[in-house]
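Coordinates in review
As a plain string of letters, each chain reads:
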Amino acid sequence: MKLPIVDHPTAAKPFVTNEDRSHWHDDALWFVRVKRDRQASSVPEWEYLRERASAIKTHTIANLGDYLEQFERNATARGATVHWAADAEEHNAIVLKILRQHGTERIVKSKSMLTEECGLNPYLEDNGIEVVDTDLGERIVQLREETPSHIVLPAIHIKKEEVGQTFHTHLGTDAGASDPQYLTEAARNHLRNKFLSGEVGITGVNFGIAETGGFVVCTNEGNADLGVSLPKVHIACMGIEKMIPSLADLSVFTRLLARSATGQPVTTYTSHFHGPKDDNSELHIVLVDNGRTRLRGNDTFRPAMHCIRCGACMNTCPVYRRSGGHSYRATVPGPIGSVLSPSRDAKSYKSLPYACSLCGSCSDVCPVKIPLHHQLLAWRGELVGNGLLPLSKRVAMKTASFLFQRPGLYRTAGSMGRTALRVLPHFVTHNRFNTWTKARELPKPPRESFRQWYIANRGNPQRRDSANGNATAHANTRSNGDAS
Amino acid sequence: MTVALFVPCYIDQFFPQVAVATLELLESLGLDVVFPDGQTCCGQPMANTGCNSDTAPVAQRFVDLFAGYDAVICPSGSCTAMVRHHYAEYFADDDPAFTSVRDRTFELCEYIHDMHGGRIPDVCFPHRVSVHQSCHGLRELGLGSQSERMTQRPDKVAAVLKQVQGIELMPLTRVDECCGFGGTFAVNEADVSAAMGRDRIADHSGSGSEVIVSADMSCLMHLQGILRRQQNRLQVMHVSEVLVGRELETTPLAAAQRS
């Protein structure tokens with residue numbers, strides 16, 4: 001499928017310029033960020049845990065092949081069937097094949113960003129299978145025929161009044177109802193029926209444990225447990241980066257995950273699955289690569305594989321909070337999404353590494369210490385190297401570099417620029433062609449630069465003879481070292 | 001002690017009063033300050049755009065110009081962070097000129113706090129002030145504690161400001177939220193950038209502050225642009241201006257001229 005090229009500023013505009021919605025979204029996510037801060041500060045060894053988690057992930061990713069094979073051996077020994085999928089198509093085909101083998105017509109699926117990434121829902125629906133997302137937020141966006149706008153809070157962009165409208169249309173709730181208690185009850189009853197009629201349960205995986213061949217799914221609604229308890233077939237879809245070596249390692253991550261994600265001390269349900277639940281049941285684990293091995297091969301971006309999908313980087317990102325998750329046009333939005341998306345398709349997602357003020361908050365909030373903002377900066381270098389920076393920006397930077405290497409020219413250009421800003425009428429300098437002035441005034445340009453002031457008040461600046469590196473007194477008359 | 005003053009390009013061209021205040025402050029600390037000629041820019045605009053080949057010669061020039069001084073002092077956390085943390089890409093690890101410049105380039109408040117005993121001249125600034133911590137100063141240079149990290153660090157900007165007589169530091173709701181400047185981000189993502197700036201201003205206004213003070217004039221340039229568009233009376237000042245005892249303009253006309 002040929003993806004359209006995402007232009008983040010354009011995609012973000014409707015959301016961010018709707019000030020009420022943008023502020024409401026920003027406040028909702030900041031509330032989560034503050035809850036996270038409170039929880040993180042309650043753990044004295046928080047920074048140590050981050051360091052430990054990062055080290056475990058670095059080790060696991062370095063030895064990923066061995067751990068995956070160990071996981072497969074142990075999972076198989078427990079009676080699970082392990083499948084390997086190189087890409088999204090293969091993943092979807094494997095799932096469909098299992099469903100066909102059981103004559104399945106409807107499935108219940110707990111939240112899984114991997115199945116979103118692979119486009120499993122539309123694929124299965126195209127093949128005549130009814131898919132019910134059982135996570136409340138995911139069910140809401142599914143009913144609205146949208147995609148999740150956040151990896152942990154899929155419907156964070158939707159107000160409760162809008163949920164009421166959606167439920168009124170699809171579930172027959174009272175028109176105009178917006179009471180969360182009432183709406184949640186309605187969703188619970190609706191989903192309860194779906195759980196009872198689901199023939200196969202599909203879940204994602206938060207952590208695969210090589211040592212035991214088991215895996216862990218974390219939910220707050222218990223929907224993963226409900227979804228796989230009744231059907232006799234459970235399919236778990238797992239990205240290969242979800243691997244950790246041992247149960248002892250798991251404790252490091254479960255302490256970090258919920259605190260970072262939602263500011264809870266722990267998720268309500270941390271469910272362990274070790275093999276099929278009984279002799280009449282089947283457990284299928286689909287291990288999915290879909291570009292992960294390629295990411296693993298890249299020295300700069302490899303740490304992005306540490307990601308445990310907590311969403312903390314989104315909650316803290318000032319751009320995400322104001323522009324909304326859909327502005328990224330990607331399964332995973334926000335800072336980590338802006339690192340991962342271009343690694344799949346640099347051309348389509350070339351604007352995402354620039355949808356960032358490089359504030360660095362994401363790197364410091366990340367529980368597994370992915371240097372996110374440094375990776376976004378590195379991506380910019382990659383994009384320029386691949387000729388994907390628009391020509392206008394390329395020329396602007398070339399010109400700036402040229403000027404900054406030539407102090408005399410730089411001074412002349414600066415002087416002309418300041419004079420122009422001073423003498424030209426306001427409407428000439430502040431118009432729609434000047435992006436700066438859409439919402440801001442330009443600085444009032446002074447008559448003299450600092451250098452001019454310095455010469456008038458302190459004499460000539462000090463010159464250096466760069467050939468021998470010695471500082472020289474300023475009272476000489478040689479050329480002042482300009483390259484211009 | 002001979003220190004070199006590095007004046008970032010936008011301060012040289014648009015905010016010379018900040019460089020003057022920085023120079024006067026350093027001189028009042030008894031330092032022998034020189035202003036090396038031929039300086040332009042640290043290269044950050046190109047580096048942040050990803051144009052590394054355009055950055056390299058500018059970085060090389062900077063290092064050639066500033067190598068050999070006891071210290072290079074810069075009234076900008078962002079430009080200092082560029083030299084200290086992002087120049088490595090353009091030099092050999094053991095290039096003595098590079099390592100010397102990298103290790104001896106300081107942000108102004110950082111220099112006063114770490115290298116000069118934290119003392120400032122006696123000045124008075126009897127106003128309510130809210131401090132805007134720049135992201136690069138905070139997270140790359142560690143000028144203060146970050147709300148994300150569970151480790152405490154001394155707040156170097158506040159520490160020097162607190163010595164000013166009569167000053168009252170006002171608390172913010174989001175202590176270290178980004179203002180939305182971000183260099184070319186302010187132009188690339190104008191809508192998001194401006195929204196961030198307006199929110200930042202609302203927090204500062206809500207604190208009862210009369211003036212936003214920051215160690216980074218770039219953040220203040222962006223915020224000032226929005227304040228003026230809003231015809232908001234809140235003012236901005238660089239920390240150096242407060243530390244040399246510049247007065248806050250109190251008449252509306254004067255305030256309008258300043259901001």
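Residues numbered from 1 in each chain as written. Chains lettered and ligands numbered in written order. Predicted model: local features only at pLDDT ≥ 70, side-chain atom pairs only at ≥ 80, totals over all residues. Heavy atoms only, no water.

**Let's talk about the overall build of chain A**
On a plain count of helices and strands, chain A comes out with 22 helices and 12 strands. When the backbone C-alpha atoms are referred to their principal axes, chain A occupies close to 95 × 55 × 45 Å. Out of the 484 residues in chain A, the part that is buried amounts to 55%. Of all intrachain contacts in chain A linking residues separated by at least 6 positions in sequence, the fraction that spans at least 24 positions is 72%. Summed over its atoms, the accessible surface of chain A is roughly 20,400 Å², and 53% of this surface lies on carbon and sulfur atoms. For chain A, the centre of its 59 positive side-chain charges and the centre of its 49 negative side-chain charges are spaced 12 Å apart. (Helix = DSSP H or I, 4+ residues; strand = E, 2+ residues; numbered from the N terminus. Buried < 20%, exposed > 50% of the residue type's maximum accessible area, 1.4 Å probe, protein only. Contact = heavy atoms within 4.5 Å. Areas by Shrake-Rupley, 256 points an atom, 1.4 Å probe, with all protein chains shown as cover. Lys, Arg positive; Asp, Glu negative; His and termini not counted. Charge placed at Lys NZ, Arg CZ, Asp CG, Glu CD.)

**Side note on the nonpolar core**
If you look at the biggest cluster of nonpolar residues, it comprises 103 residues, and the most contacted ones within it are A:Ile285 and A:Ile336. Each of domain 1 (2-115) and domain 2 (122-244) of chain B gives at least three residues to this core. In terms of nonpolar packing, the next biggest core, distinct from the first, is built from 87 residues, B:Val3, B:Val157, B:Leu220 and B:Val244 among them. (Core = buried A, V, L, I, M, F, W, Y, C linked by side-chain atoms within 4.5 Å. Domains from an automatic or database assignment.)

**A word on the packing of helix α16 (residues 334-344) of chain A against helix α18 (residues 372-385) of chain A**
How two helices pack is summed up by the angle between their axes together with the distance between the axes. All names here are of chain A. It is at 9 Å that the axes of α16 and α18 come closest, and there the two elements cross at 35°. Every pair of crossing elements has a handedness; the one defined by α16 and α18 is left-handed. Mapping the contact onto sequence places Pro335, Ile336, Ser338, Val339, Pro342 and Ser343 in α16 and Leu372, Gln375, Leu376 and Trp379 in α18. (Axes fitted to C-alpha atoms, helices over the stretch in contact; angles between N-to-C directions. Left-handed = near helix turned anticlockwise from the far one by under 90°.)

**Side note on a nonpolar patch on the surface**
All names here are of chain A. A cluster of nonpolar side chains, Val423, Leu424, Phe427 and Val428, forms an exposed patch at the surface whose accessible area comes to about 390 Å². Tracing the chain through its elements places Phe427 in helix α21 (residues 426-429). Here Phe427 falls in the exposed class, since its relative accessible area comes to 60%. (Patch = residues over 30% accessible without salt bridge, like charges linked within 9 Å, V, L, I, M, F, W, Y side chains within 5 Å. Salt bridge = Lys/Arg side-chain N within 4 Å of Asp/Glu carboxyl O.)

**Things to note about the interface of chain B and chain A**
Taken residue by residue, the interface counts 79 residues in chain B and 86 residues in chain A. For the pairing of chain B and chain A, the buried interface totals around 7,000 Å² over both sides, and the portion due to carbon and sulfur atoms is 56%. A per-residue breakdown of the area chain B buries against chain A is headed by B:Gln13, B:Asp37 and B:Arg229, which together make up 10% of the total. In this assembly, chain B and chain A are joined by 17 salt bridges. When the shortest N-O distance is used, the salt bridge between B:Arg198 and A:Glu19 registers 4.0 Å. Inspection of the region where chain B meets chain A yields 45 residue pairs in polar contact (both at pLDDT 80 or more). Split by residue class, the side of chain B that touches chain A holds 39 nonpolar, 21 polar and 19 charged. (Buried area = accessible area lost by both parts, 1.4 Å probe. Polar contact = N/O pair within 3.5 Å; in protein donor to acceptor, adjacent residues only side chain to side chain. Nonpolar A, V, L, I, M, F, W, Y, C, P; charged D, E, K, R; others polar.)

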